[in-house]
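Overview (structure and organization)
These are the residues of each chain, in order.
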Amino acid sequence: MIAVGESVKGLIRLNNEDSFYISGCNDKIKNLYIVADGMGGHKAGEIASKKAIEYFLEYINENINDCLNEEITDCLVGALAYCNEKIYQTSKSQNDFEGMGTTFTCGVIEKNKLIVVHVGDSRAYIFGANSYRQVTGDHSFVMEMVRLGRLTTEEASEHPKKNIITKAVGTEKSIEADVFVEELKEGDFILICSDGLTNMVQDSRIAEIIKENSKIEDSLKSLVDEANKNGGRDNISVVLIGFEVET
């Protein structure tokens, strides 16, 4: 497994409210990847995304024996509930933090499976040799309209309310995350990213960029460059993982 990540503020925003995480060889849970896109005034979004990852990992490290002995999905859901509670408490502690929250998309690769726990409109994708699929569904106003048949996907991509999310970590006392389990094949690429990428670069173009670069580091750089070339209107965070079957 090889994984690379980058987070930049883009061309318009004054600060970067995104955060990402890639586990290392010394971490207690391997092959763990996170992207969080914060929201809130006075740098509250920046704090929310960083703290959400910090609290998530804190829960895992404090409950590592249970996490290793039970279904990893239960551990991830428990960790997200914990960080939601902590962010919510923080948002109530100071006026500057009122309304703070963050998207949170976490992926763990276990053998040949990708397990995703997700809240918000950051996304996870799987790109194969000749096809790709979006794993997560956006918790957003426009996607709710799409699901209800009131907007087409094309209309949603240009809608003025496309950045309004309907669910985020820390905005409510409790939260229900989406959980996905997907089969992986040798040579698949897993992409976890904030909407700063997907609002600027179409899925088909993302697939082309991944396919046309022989090195994963070049794919990462090209994805960020493409988002900036197309306007860079938001923070851009990308985690890209090349899947290899463990022997």
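Please refer to the structure placed before this passage.
Below or above, wherever it landed, is the structure these notes cover. Predicted model only: the values in this text are computed from it and were never measured.

What counts as what
- Residues numbered from 1 in each chain as written.
- Predicted model: local features only at pLDDT ≥ 70, side-chain atom pairs only at ≥ 80, totals over all residues.
- Heavy atoms only, no water.
- Patch = residues over 30% accessible without salt bridge, like charges linked within 9 Å, V, L, I, M, F, W, Y side chains within 5 Å.
- Areas by Shrake-Rupley, 256 points an atom, 1.4 Å probe, with all protein chains shown as cover.
- Salt bridge = Lys/Arg side-chain N within 4 Å of Asp/Glu carboxyl O.
- Helix = DSSP H or I, 4+ residues; strand = E, 2+ residues; numbered from the N terminus.
- Buried < 20%, exposed > 50% of the residue type's maximum accessible area, 1.4 Å probe, protein only.
- Arc of directions from axis to C-beta.
- Contact = heavy atoms within 4.5 Å.
- Core = buried A, V, L, I, M, F, W, Y, C linked by side-chain atoms within 4.5 Å.
- Phe/Tyr/Trp six-rings, centres within 6.5 Å; stacked < 30°, edge-to-face > 60°.
- Pairing = 2+ DSSP bridges.
- Axes fitted to C-alpha atoms, helices over the stretch in contact; angles between N-to-C directions.
- Polar contact = N/O pair within 3.5 Å; in protein donor to acceptor, adjacent residues only side chain to side chain.
- Parallel < 35°, antiparallel > 145°, perpendicular 65-115°, else oblique.
- Left-handed = near helix turned anticlockwise from the far one by under 90°.
- Nonpolar A, V, L, I, M, F, W, Y, C, P; charged D, E, K, R; others polar.

With that out of the way, let us pick up a nonpolar patch on the surface. A grouping of Val77, Val179 and Val181 is seen on the molecular surface, where their side chains present a nonpolar patch of about 210 Å² in accessible area. Structurally, Val181 is set in strand S9 (residues 178–183). For Val181, a relative accessible area of 48% gives the class partly exposed.

This part is about helix H7 (residues 203–212). Buried residues of H7: Ile206, Ala207, Ile209 and Ile210, and no others. Along the axis of H7, the buried residues cluster in a sector spanning 160°; they form a single face. In this structure, H7 carries Lys211 and Glu212 as exposed residues pointing more than 90 degrees from its buried face. Close packing links the buried residues of H7 with strand S7 (123–127), strand S8 (132–134), strand S10 (189–193), helix H6 (195–198), helix H8 (216–229) and strand S11 (236–242).

Core analysis: the largest hydrophobic core is formed by 33 residues, its most contacted members being Leu32, Phe56, Ile60, Leu76, Leu80 and Phe104. Mapped by element, the contributors of at least two residues to this core are strand S3 (32–39), helix H1 (44–62), helix H2 (64–69), helix H3 (72–93), strand S5 (104–110) and strand S6 (113–119). Non-local contacts of Phe56, meaning those with residues more than four positions away in its chain, are made with Leu32, Ile34, Leu76, Ala79, Leu80, Cys83, Phe104 and Cys106. The next biggest cluster of nonpolar side chains, apart from the first, holds 20 residues, and it includes Val4, Met200, Ile206 and Val224.

Now for the packing of aromatic side chains. Counted under the stated rule, the structure contains four aromatic pairs. Seen from their ring centres, Phe56 and Phe104 are 4.9 Å apart, and the 40° between their planes marks the pair as tilted. Of the two residues, Phe56 is situated in helix H1 and Phe104 in strand S5; the sequence distance between them amounts to 48 residues. Where Tyr59 meets Tyr82, the ring centres are 5.7 Å apart and the plane angle is 45°; that geometry is what we call tilted. Of this pair, Tyr59 sits in helix H1 while Tyr82 sits in helix H3, placing them 23 residues apart in sequence. Linked through ring pairs, Tyr125, Phe127 and Tyr132 together constitute an aromatic cluster.

Glancing now at the sheet that holds S11. Judged by pairing direction, the sheet is antiparallel, and its five strands sit side by side in the order S1-S11-S10-S7-S8 without closing on themselves. Edge positions in the sheet fall to strand S1 (2–8) and S8, since each has one partner strand and no second. Going across the sheet, the axis of each strand differs from the next one's by a mean of 15°, ignoring polarity. Here S7 runs beside S8; their pairing, made up of three bridges, is antiparallel. Residue Ile126 lies in a different strand from S8, and its bridge partner there is Arg133. With respect to the sheet, H7 is in contact with S7, S8, S10 and S11, its orientation differing from that of S7 by roughly 50°. Where H8 meets the sheet, its contacts fall on S1, S10 and S11, and the angle it forms with S11 comes to roughly 155°.

Turning to the side chain of Asp138, a few remarks are in order. Tracing the sequence through the fold places Asp138 in the loop between S8 and helix H4 (141–147). For Asp138, a relative accessible area of 8% gives the class buried. A polar side-chain atom of Asp138 sits 2.7 Å from a polar atom in the side chain of Arg123.

What follows concerns the pairing of S10. Most of S10 sits out of view: four of its five residues are buried. In this sheet, S10 lies alongside S7 in antiparallel orientation, the contact comprising five bridges. If you follow Tyr125 over to S10, its bridge partner there is Leu191. As paired elements, S10 and S11 share five bridges and run antiparallel to each other. Considered in S11, the bridge of Cys193 is made with Val238.

Glancing now at the packing of H1 against H3. Between H1 and H3, whose axes approach to 8 Å, the crossing angle comes to 135°. It follows from the interaxial angle that H1 and H3 lie oblique. Seen from above, H1 lies across H3 with right-handed handedness. Residues Ala48, Lys51, Ala52, Tyr55, Phe56, Glu58, Tyr59 and Ile60 of H1 pack against Cys75, Leu76, Gly78, Ala79, Leu80, Tyr82, Cys83, Lys86, Ile87 and Thr90 of H3. Among the residues forming the contact of H1 with H3, the class breakdown is 13 nonpolar, two polar and three charged.

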